[in-house]
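Descriptive structure summary
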Amino acid sequence: MSIDFSEYISCLDEEDHEHVEALESSYHEAQRFMSPRGLQNYLEGMRAFCTLGGGQDLVLTYVQEMPGVCKEVGEDIIPDIVEAMMKLSSHTSGSVITLIVSNMPLAASRLGDADVMRGFLKLLHQMTGKAPRGLRPMMENLDELLSKLTLGGLRRWVLWGAQAHQRDLDGQLAYFALETDSSRSILQSERRGTLFIDNQRKLNFYLRALWARAFFMRPTAGDFESRQGIRPFIEDFQIHVPDAFDPFHGIDGMEIYRATVAHTAAHMVYTNDRISAEELSQAQMRFIEMFEDARVEYLAYTEFPGLRKLWLSFFTSEPQKDEETVQVHETMDLMMRTTRAIMDPDYSDELPAINDIASDYRAKLEKDPYNPRLAWMAGVEFYNKMVEIATIPSVRILSEWPIPYRDDNRYFWEFSENMFETQGVDFLPSSEQNVRRYVSLMEFVNEIDCEMEDGNPQETLVLSTELFPYEDMGVSYNEMEGVEPVSDPYHYNEWDYHVQLARPDWATVIERRQGKGDPDVMDEILTKHKPVASRIRHLIDAMQPQGIVRRRGYEEGEELDLNAAVRAMIDIRRGIMPDPRINIRITRHLRDLSIVLLLDLSESTNEKIGDIAEGEEGYEDQPSILDLTRESAGLLTWAIDSIGDNFAVHGFASDGRHDVQYYRYKDFDQSYDDDAKARMAGMKGNLSTRMGAALRHAGWHLTQQNAQKRLVLLVTDGEPADIDERDPQYLRHDTKKAVEDLAMQGVYTYCLTLDPNADQYVSRIFGENNYSIVDDVERLPERLPNVFAALTG
């Protein structure tokens, strides 16, 4: 079937026969392996590139190079490439886009997967916003870059150069052209040991030699934030492996790839029936996975004895001197030793229980290795024994298996439709969860004592106001029971840096109220810090809006400056060049600002400040971090209220991801009166610090305000932490992501930290110039207003 290219290529000269022949040749090549849908996308791409205005070279480059891209990563990538180039057209020239398109086959052959290619396109879009001048030199050196770097390494190399040469255009060109020492140095530091794309063909032959069948393998790019990639996994009957492996305890990357693909292929060959996950906790599943891995490996090295030596080397090798050793949890160490004991009959562990478990499981394997219930029974029994002799760590620690060749075992699990019944509220559908329903007073009274209530209600009745008893006591039921009303739950995503994805609705923020104190306490703060308050008064006078401001000395303006005009006429009469700045410019000085002062109220704020040790006389009279936080908040609140800015004072603490407690002491629409002062005086510290969720909620409050500039000023005494998260990096990365997300919404975040060791993490979370460290906590009341003045003055 002949195609009339004139419908798609309106920007080419119809009489240019050479171009038409090139189009037909490329289209015929694409017809050999592309589906009708892919060909249609290919032709629509021609039409789209014609509208970009990049000339004939851009269109012809697209037409000639796209079939080669589709051969490498599939035809589904065409719409993504077209969309990405359309976005880039508003940031860079047509010649640069032509250069990018001409390099697409190279990128496709080096990246080797459509999803990884999409990540590459996103990186190009990021780069146009941060360092557009570097696109051309980077494309000219793309062959060298992709021959040494993974997509994650290339991303870190690009972002480092964009940050280092943000305002140095010549430096950008030199860096991305690999002409500077720093560029070469970062490139060398980001190099990985062994790239998958260089060895994919060898690994295909390796598996075919073992099992005489083809296995489809695809690379994954997961080393964006760290050099550790995504764990291997099996999905849609394809083996997904990291796009690079670094040496592990002296074992080179190629050996790791052999062990990885052999292990995952063993799952596909020897798994006949999937294992049911019903009535199992996540921890129990990790233990069952350990024994299932041992079962398929037993079957594999029984058939191919050399595989035992390959896999066993990962458990017997020692770390090299130049390698960073990862601390392994006690339970994980016991699991690794048990795996080694099962694999190696000659190994004798110092713990007799491990030797007994291993010998018993080997005996069962020899008797019936294809029994699908074998790993299930052994895993549950081993879990029960571990509960007795060791502390079971969090699921995250159990999931981070320190041996790199093991996959994540999603392949052999079978989940029932009612799995949520055993997994907790995270898996409940919305129709099954507790619902908060707002009702009238009479409906509330009629339903409150229902005899059919079973202690697990499906809905919670909520009154718009507090309920008071019939007696004229002036005290509500909430106050009588010591319970403050709470808000509807607010659900926020949380960033998981391990998988580089946001966990949807993972953290729950609930607004609560703390008890009130004496409002005079806040007034006494001004008296206590009278010298500081006096200095703040000067800041207030300097920052207050001045209305109409008339500024002299402009060449253009709204009014004529008579004195300057007279001086100019005198200079003209004297034959001297007059000063042309004879006008007055009238400006209106306004402050359009909304600010949330967000206070960290974790348990650590109750620590005393001073030299007197606990138990000694005078210890209780020493101020705590919470006292100084309250005093600094009081001084700043007084200052902002005097200036007239729109502001709120909020605090937060957390008791796990399901209960991030958020306190509103003073709202935007509330004046700084005795009620707000009483709530600030009743400020208390407890629980933990889930900072990312609190920042997102504070940002949500700010986005409801109609202001030109929005600011979250965070005061904290430590790093993000919570009781249900043992990985210290997890909440740091989530907080960093929250700060980035708020910045995209136009909310600026600044951190004032009291942690003297905050240099280790605070700059990575908030940015180089977006934080201050208060080394002397007692100077906090003085520092906080100064920081506010510097940010908003």
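Cut-off values and rules
Residues numbered from 1 in each chain as written. Predicted model: local features only at pLDDT ≥ 70, side-chain atom pairs only at ≥ 80, totals over all residues. Heavy atoms only, no water. Pairing = 2+ DSSP bridges. Helix = DSSP H or I, 4+ residues; strand = E, 2+ residues; numbered from the N terminus. Axes fitted to C-alpha atoms, helices over the stretch in contact; angles between N-to-C directions. Contact = heavy atoms within 4.5 Å. Core = buried A, V, L, I, M, F, W, Y, C linked by side-chain atoms within 4.5 Å. Buried < 20%, exposed > 50% of the residue type's maximum accessible area, 1.4 Å probe, protein only. Salt bridge = Lys/Arg side-chain N within 4 Å of Asp/Glu carboxyl O. Parallel < 35°, antiparallel > 145°, perpendicular 65-115°, else oblique. Left-handed = near helix turned anticlockwise from the far one by under 90°. Nonpolar A, V, L, I, M, F, W, Y, C, P; charged D, E, K, R; others polar. Phe/Tyr/Trp six-rings, centres within 6.5 Å; stacked < 30°, edge-to-face > 60°. Lys NZ or Arg CZ within 6 Å of the ring centre and 35° of its normal. Patch = residues over 30% accessible without salt bridge, like charges linked within 9 Å, V, L, I, M, F, W, Y side chains within 5 Å. Areas by Shrake-Rupley, 256 points an atom, 1.4 Å probe, with all protein chains shown as cover. Lys, Arg positive; Asp, Glu negative; His and termini not counted. Charge placed at Lys NZ, Arg CZ, Asp CG, Glu CD. 1 Å grid on protein atoms, 1.4 Å probe; cavity = no way out; pocket = protein on both sides within 12 Å on 5 of 7 lines; lining within 4 Å. Points joined across faces, edges and corners; volume = space filled by probe spheres on them.

Attention now goes to the sheet that holds strand β16 (residues 646-654). The eight strands lie next to each other as β10-β11-β17-β16-β15-β18-β19-β20, forming an open sheet whose pairing is mixed. Taken across any chain shown, the strands that pair with only one partner, and hence form the sheet edges, are β10 (490-496) and β20 (771-773). Across this sheet, the average inter-strand angle for adjacent strands is 25°, counted without regard to direction. Helix α29 (residues 728-744) contacts β10, β11 (501-512) and β19 (747-753) of the sheet and is inclined by roughly 115° relative to β10.

Strand order across the open sheet formed by three strands is β2-β4-β3, with mixed pairing between neighbours. Unpaired on one side and paired on the other, β2 (216-220) and β3 (233-235) mark the two borders of the sheet. Within the sheet, the average angular offset between the axes of one strand and its neighbour, ignoring direction, is 35°. Inspection of the sheet shows β3 paired to strand β4 (residues 238-242) by three bridges, in the antiparallel sense. Bridging across to β4, Glu235 finds its partner in Gln238.

Moving on, we come to the nonpolar core. Ranked by size, the top nonpolar core spans 74 residues in total, and within it Leu207, Trp211, Phe291, Leu307, Trp311, Phe314 and Tyr361 carry the most contacts. A total of twelve residues in this core trace back to one element, the largest contributor, which is helix α15 (residues 282-303). Excluding residues that lie within four positions of it along the chain, Tyr361 makes contacts with Phe291, Glu292, Ala294, Arg295, Ile342, Leu374, Ala375 and Ala378. Formed by 62 residues, the second largest nonpolar core is a distinct cluster that contains Leu43, Leu60, Val96 and Ala114.

What follows is about the pattern of salt bridges. Proximity of charged atoms lets side chains of opposite charge pair with each other. Applying the stated criterion across every chain, the model contains 38 salt bridges. In this structure, the salt-bridge partner of Glu255 is Arg258, at a minimum N-O distance of 2.3 Å. Taken together, the residues Glu255 and Arg258, both in helix α14 (residues 253-270) and three residues apart, mark about one turn of the helix. The partner of Asp675 in a salt bridge is Lys516, with the nearest N and O atoms 2.6 Å apart. Residue Asp675 is found in helix α27 (residues 674-681), and its partner Lys516 is found in the loop between β11 and α23 (520-528); the two are separated by 159 residues along the sequence.

Turning our attention to the packing of helix α2 (residues 36-50) against helix α3 (residues 56-73). Put simply, α2 and α3 touch, their axes get as near as 9 Å, and they point 160° apart. If you check the angle between α2 and α3, you find them roughly antiparallel. Here α2 and α3 pass one another in a crossing that is right-handed. On α3, the residues that touch Asn41, Tyr42, Gly45, Met46, Phe49 and Cys50 of α2 are Leu58, Val59, Tyr62, Val63, Met66 and Pro67. Here the residues of the contact of α2 with α3 are counted per class, giving ten nonpolar, two polar and no charged.

This part is about the packing of aromatic side chains. Inspection of every chain in the model, using the stated rule, returns 22 aromatic pairs. Taken together, the ring pairs connect Phe287, Phe291, Tyr361, Phe382 and Tyr383 into an aromatic cluster. Seen from the ring of Tyr411, Arg274 lies directly overhead, with NZ or CZ sitting 5.2 Å from the centre.

Now for a negative patch on the surface. A cluster of acidic residues, Asp518, Asp520, Glu524, Asp673 and Asp674, forms a negative patch on the protein surface. With respect to the helices, strands and loops of the structure, Asp518 is situated in the loop between β11 and α23. A relative accessible area of 41% places Asp518 in the partly exposed class.

Over the atoms rolls a probe the size of a water molecule, and in doing so it shows where empty space is left. Throughout the structure, instances matching the rule amount to five cavities of 30 Å³ or more. There is about 100 Å³ of room inside the largest cavity. Looking at the largest cavity, the residues that line it are Arg110, Leu111, Val116, Leu146, Leu149, Thr150, Leu151, Leu195, Phe196, Ile197, Pro219 and Asp243. Partitioning the lining of the largest cavity into residue classes produces nine nonpolar, one polar and two charged.

Shape descriptors only; they carry no functional weight alone.
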